[in-house]
Amino acid sequence: GSIHYEYRLWLTSMPSTKFPVAILQNGIKMIMEAPKGLKANVLRSFCSAPISDPEFFDAVSQPKEWKKLLYGLCFFHAV
């Protein structure tokens, strides 16, 4: 089989001796530095897709619980 020319793979990985070096050598590397500070980290999560999309953010049946859960997840991710 062949791979479609528009196929893209986004991959995240921690440094590991078991990770195939050939993938790193043949790929394009991107590095995203975490913003400094807890507030900046939480804001980055809220401003990222899909959370920043009003359709996604408002499409829930229990908005109060959803917002608390989402904030908790963003806070946990920022720590």
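Look up: the structure comes first, before these words.
Computed from a prediction, not measured in an experiment: that's the story for all the values here.

The rules behind the values
Residues numbered from 1 in each chain as written. Predicted model: local features only at pLDDT ≥ 70, side-chain atom pairs only at ≥ 80, totals over all residues. Heavy atoms only, no water. Helix = DSSP H or I, 4+ residues; strand = E, 2+ residues; numbered from the N terminus. Expected span 1.5 Å × (residues − 1). Buried < 20%, exposed > 50% of the residue type's maximum accessible area, 1.4 Å probe, protein only. Arc of directions from axis to C-beta. Contact = heavy atoms within 4.5 Å. 1 Å grid on protein atoms, 1.4 Å probe; cavity = no way out; pocket = protein on both sides within 12 Å on 5 of 7 lines; lining within 4 Å. Points joined across faces, edges and corners; volume = space filled by probe spheres on them. Nonpolar A, V, L, I, M, F, W, Y, C, P; charged D, E, K, R; others polar.

## With respect to helix α4 (residues 63-78)
- When the terminal C-alpha atoms of α4 are compared, their 22 Å separation across 16 residues agrees well with the 22 Å that a helix rising 1.5 Å per residue should span.
- Regarding α4, the residues found buried are Trp66, Leu70, Cys74 and Ala78. One side of α4 holds all its buried residues, which, seen down the axis, span an arc of 100 degrees. Set apart from the buried face of α4 by more than 90 degrees, the exposed residues are Lys64, Lys68, Leu69 and Phe76.
- For α4, the secondary structure elements touched by its buried residues are α2 (38-46) and α3 (54-58).

## Concerning the layout of surface pockets
- Of the pockets and cavities examined, the largest pocket occupies roughly 1000 Å³.
- Looking at the lining of the largest pocket residue by residue, the class counts come to 14 nonpolar, five polar and three charged.
- If you add up the space inside the second largest pocket, you get close to 230 Å³.
- Around the second largest pocket, the lining residues are Asn41, Arg44, Ser45, Ser48, Ala49, Ile51, Phe56, Trp66, Leu70, Leu73, Cys74 and His77.
- Those elements giving two or more residues to the lining of the second largest pocket turn out to be α2 and α4.

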